[in-house]
Amino acid sequence: MRSAPILALLALALTAAPASAQEGADAPLGIALEGFAYPYPVKFLPLSRDHEAQRLAYMDVAPTGNANGRTVLLLHGRNFPSSYWEPVIRALAEGGYRVVVPDQLGFGKSSKPIKPFTFDRMAAETVALADALGLQRFDVVAHSMGGMLAVRMARNFPQRVNSLVLEAPIGLEDYRFTVPPVTDDLLLTREGELTAEAYRKQLMTSYALSLPVSAIEPFVQIRERVKGSGEYPRWLRSFVQSYQAIWGQPVVHEFPLVKAPTLFVMGANDRNAPGKPFAPPELRAGMGDNTGHARALAARMPNGRAEVIANVGHLVHMEATDMFNGLMLDFLDRN
């Protein structure tokens, strides 16, 4: 399902940084992850949001195999920089695809807006990147929160999206039905008080990961090192806005309206559901039936299909790299 070399390469991609930019493993990071190396060169698209200048970071990787003239956009999850896509980027490039990998505004090396996020705006910004790169039509592979964004892109820009691969997407239920509203102030307090050990445990348990703890340590260290930035309060406010978008802007009702061929790739153990800790106990237990929801939604779509991989959780492309890449490439090649 996964191999030590793949995990080693991923860890290297996530942790490597130029010696001149890295004073030590605990050195502070800027909130745009300055000094933290990505596996491929990073470029920036100037944008504007809420009357502020922004920069959208992205990697643009040329095919290394026989080029097929197609491009895949990779959309990351909420708790991860886009560098974690490295094994998927390599597989796609070897398969002949150009691969474009943005950090959405608010994440990774991109700017950190602090006013309310909307998936409509994020979709428009991602399409603006495609426009800047001359991409009229593309396929989308999306993980977790990226799956919500992918659905909104397919709805708002159906002529641009050729197909969707949704890896362990969230948004398969309407969280407003089970989770009460939570204020920004409460979220800021909880996120600000989260220790490295608590965050490490949160990733391993909430995501039901089959990975060794060492595989997620780079994500924990990124979060810890950003705390040393003078702009950490801005990072925190931006991160909180993404939760509010996930809770308050459901996409589950839109899945049956997506016409693009869609493949769900789910981890059988994944019962992640944003906001679950805030839900009443009597409702909490029923949240996060992600494989069941994916199968039911796929059946209601014009061209949907769900594949479930046993013994893995929320990070399917890291936990079952070869299986995920195989399903993804077979689906893309057929569509």
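Residues numbered from 1 in each chain as written. Predicted model: local features only at pLDDT ≥ 70, side-chain atom pairs only at ≥ 80, totals over all residues. Heavy atoms only, no water.

In the nomenclature of an unreviewed UniProt entry, the chain is known as Pimeloyl-ACP methyl ester carboxylesterase of Methylorubrum rhodinum.

## Concerning empty space enclosed by the protein
The gaps left among the atoms become clear once a water-sized probe is rolled over them. The condition that has to hold: The rule is simple: put a 1 Å grid over the protein atoms alone, call a set of points where a 1.4 Å probe fits but cannot get out a cavity, call an open set with protein on both sides within 12 Å along at least five of seven lines a pocket, and count a residue as lining if it has an atom within 4 Å of a point. Grid points are joined across faces, edges and corners, and a volume is the space filled by probe spheres set on the points. Numbered from the N terminus, helices here are DSSP runs of H or I no shorter than four residues, and strands are runs of E no shorter than two. Each residue gets one label: Ala, Val, Leu, Ile, Met, Phe, Trp, Tyr, Cys and Pro are nonpolar, Asp, Glu, Lys and Arg are charged, and the others, such as Gly, are polar.
For the structure on display, the rule yields one cavity of 30 Å³ or more. In this model, the largest cavity occupies a volume close to 220 Å³. Taken together, 15 residues form the lining of the largest cavity, with Arg78, Asn79, Phe80, Ile222 and Trp235 sitting closest to its centre. Counting residues per element, the ones that place at least two in the lining of the largest cavity are helix 7 (213-226) and helix 8 (232-248). Considering each element in turn, the lining of the largest cavity owes the most residues, four residues, to helix 7. Of the residues that constitute the lining of the largest cavity, the class distribution is 10 nonpolar, three polar and two charged.

## A few points about unusual backbone geometry
To keep things clear, this is the line we draw: Summary of the burial criterion: residues with accessible area below 20% of their type's maximum are buried, those above 50% are exposed, and those between are partly exposed, where the area comes from a 1.4 Å probe applied to protein chains only.
Positioned with a positive phi, Asp50 is a non-glycine residue whose angle comes to about 55°. Mapped onto the secondary structure, Asp50 falls in the loop between strand 1 (42-49) and strand 2 (52-61). Overall, the relative accessible area of 27% leaves Asp50 in the partly exposed class. The backbone of Ala208 sits at a positive phi, close to 50°, despite the residue not being glycine.

## Describing the packing of aromatic side chains
The description of an aromatic ring pair rests on the distance of the ring centres and on the angle between the ring planes. Keep this limit in mind: The criterion for an aromatic pair is that two Phe, Tyr or Trp rings (for Trp, the six-membered ring) have centres within 6.5 Å, with stacked assigned to planes under 30 degrees apart, edge-to-face to planes over 60 apart and tilted to the rest.
In this structure the tally under the stated criterion is 10 aromatic pairs. Residues Phe36 and Tyr38 carry aromatic rings whose centres are separated by 6.1 Å and whose planes lie at 90° to one another, so their mutual orientation is edge-to-face. For the pair formed by Phe36 and Tyr38, the shared burial category is buried. Taken together, the ring pairs connect Phe80, Tyr84, Trp85, Tyr207 and Phe219 into an aromatic cluster.

## Concerning the packing of helix 5 (residues 184-192) against helix 8
Selection criterion: Angles shown run from 0 to 180 degrees and are taken between the N-to-C directions of axes, each axis being a line fitted to C-alpha atoms and, for helices, limited to the stretch in contact. For this classification, under 35 degrees means roughly parallel, over 145 means roughly antiparallel, 65 to 115 means roughly perpendicular, and everything else is oblique. A clockwise turn of the near helix away from the far one marks a right-handed crossing, whereas an anticlockwise turn of less than a right angle marks a left-handed crossing. Two residues form a contact once any of their heavy atoms are found within 4.5 Å.
The interhelical angle for the contact between helix 5 and helix 8, taken along N-to-C directions, is 120°, at an axis separation of 10 Å. In terms of their interaxial angle, helix 5 and helix 8 are classed as oblique. Of the two elements, helix 5 crosses helix 8, and the hand of that crossing is right-handed. Of the residues in helix 8, those touching helix 5 at Asp184, Leu187, Leu188, Glu191 and Gly192 are Tyr232, Leu236, Arg237, Phe239, Val240, Gln241, Tyr243 and Gln244.

## Considerations on the layout of surface pockets
Roughly 620 Å³ of volume is contained in the largest pocket. If you trace the largest pocket, you find 24 residues lining it, with Arg78, Glu191, Gln202, Gly275 and Pro277 closest to the centre. Elements represented by at least two residues in the lining of the largest pocket include exactly helix 5, helix 6 (196-206) and helix 8.

## Details of the nonpolar core
To be explicit about the condition: By nonpolar core is meant a set of buried Ala, Val, Leu, Ile, Met, Phe, Trp, Tyr and Cys residues that side-chain atoms within 4.5 Å join together.
Counting residues in each nonpolar core, the largest one holds 113 residues, and the members touching the most others are Leu74, Leu92 and Phe264. In terms of residues, this core owes the most to one element, helix 8, which gives nine residues. When sequence neighbours within four positions are dropped, the list of residues in contact with Leu92 reads Val72, Leu74, Tyr97, Val99, Met328, Leu329 and Leu332.

## Some points on the sheet that holds strand 3 (residues 71-75)
Applicable threshold: Two strands form a pair only when DSSP identifies at least two bridges running between them.
If you walk across this open sheet you meet the eight strands as 1-2-4-3-5-6-7-8, and the pairing is mixed. Across the chains shown, the open sheet's two edge strands, defined by having one partner strand only, are strand 1 and strand 8 (304-309). Each neighbouring strand pair of the sheet contributes to a mean axis angle of 20°, computed without reference to strand direction.

## Details of the environment of Gly96
Along the polypeptide, Gly96 turns up in the loop between helix 2 (86-94) and strand 4 (98-102). Taking the relative accessible area as the measure of exposure, Gly96 reaches 1% and is therefore buried. Taking the C-alpha atoms as reference points, Gly96 and Asn68, 28 residues apart in sequence, are found 5.3 Å from one another.

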